[in-house]
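# Inside the fold
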Amino acid sequence: MQHLGECRQLADAAGGGIEYICELCADACGHERYPEAVRDLTADSVNGGWLRFDGARLTEERGARYLQLGRLDAAEEALEGALEQTALASGQSYRRRGAVLTGLAAIGAKRRDPEQVVAYGREAMGLARASSSGYIARRLQALCDEFGPLSRDHRVAELGAEIATLSTP
């Protein structure tokens, strides 16, 4: 595989075998030293083009994959770390910050923690409204599917109602 994006697509398509595919991608992603090279990148790294993006996105991408694998503690650690990066500081990248916030809200939903769902969900809602981002709106709408029994909590229900008002172009 030549690019991390191809690995991500393969992992997304793998469904039940995603963890195995992620490990394969880490070992054989078109760069014989891929695992070491990625691990050594910092948020400020420039990679010469083989990853197609700089190191700043790796933490958020890692967090998204851990969330997909159900590794909630690792996902939360990575996503919270991503929020601390300059590239995702408030006012920088609404779309990327919104995706990270929605991921953190989804972790809260999986843990049945209404406070976490509402705190991160409301911040993502603010970004969706401020930017009119259909991407963030779709991520938030997908978050509603994770609510399950939490939807009986009045705070989560109110968030769900607000999300329902967002339009997706």
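Since the structure is predicted, the reported quantities are computational estimates derived from the model, not experimental observations.

### Some words on the environment of Glu-123
Of note, Glu-123 is situated in helix α7 (residues 114-131). With a relative accessible area of 34%, Glu-123 lands in the partly exposed category. For the pair formed by Glu-123 and Arg-97, sequence separation is 26 residues and the distance between their alpha carbons is 9.6 Å. Not counting the four nearest positions on each side in its chain, Glu-123 is found in contact with Arg-97 and Leu-101.

### With respect to unusual backbone geometry
Backbone geometry at Arg-112 places phi at a positive 60°, although glycine is not the residue there. Structurally, Arg-112 can be placed in the loop between α6 (94-110) and α7. Judged by its relative accessible area of 45%, Arg-112 is partly exposed. At Ser-132, a position not held by glycine, the phi torsion is positive, near 55°. Topologically, Ser-132 is positioned in the loop between α7 and α8 (134-144). The class for Ser-132 is exposed, based on a relative accessible area of 60%.

Criteria and cut-off values
- Numbers given to residues run from 1 along each chain, matching the order in which its sequence is written.
- Reporting of local features is limited, given that this is a predicted model, to residues whose pLDDT is at least 70; pairs of side-chain atoms are given and counted only at 80 or more, and all residues count toward the totals for whole chains, interfaces and linings.
- Only heavy atoms go into the side-chain values, all of them from the structure, while hydrogens and water stay out.
- Put simply, DSSP marks the helices as runs of H or I at least four residues long and the strands as runs of E at least two long, and each gets a number from the N terminus on.
- Categorising residues by exposure relies on relative accessible area from a 1.4 Å probe, with only protein chains included: less than 20% of the type maximum marks a residue as buried, more than 50% marks it as exposed, and the intermediate range marks it as partly exposed.
- Here, two residues are considered to be in contact whenever any of their heavy atoms come within 4.5 Å of each other.

Function cannot be read off these values alone, since they describe shape.
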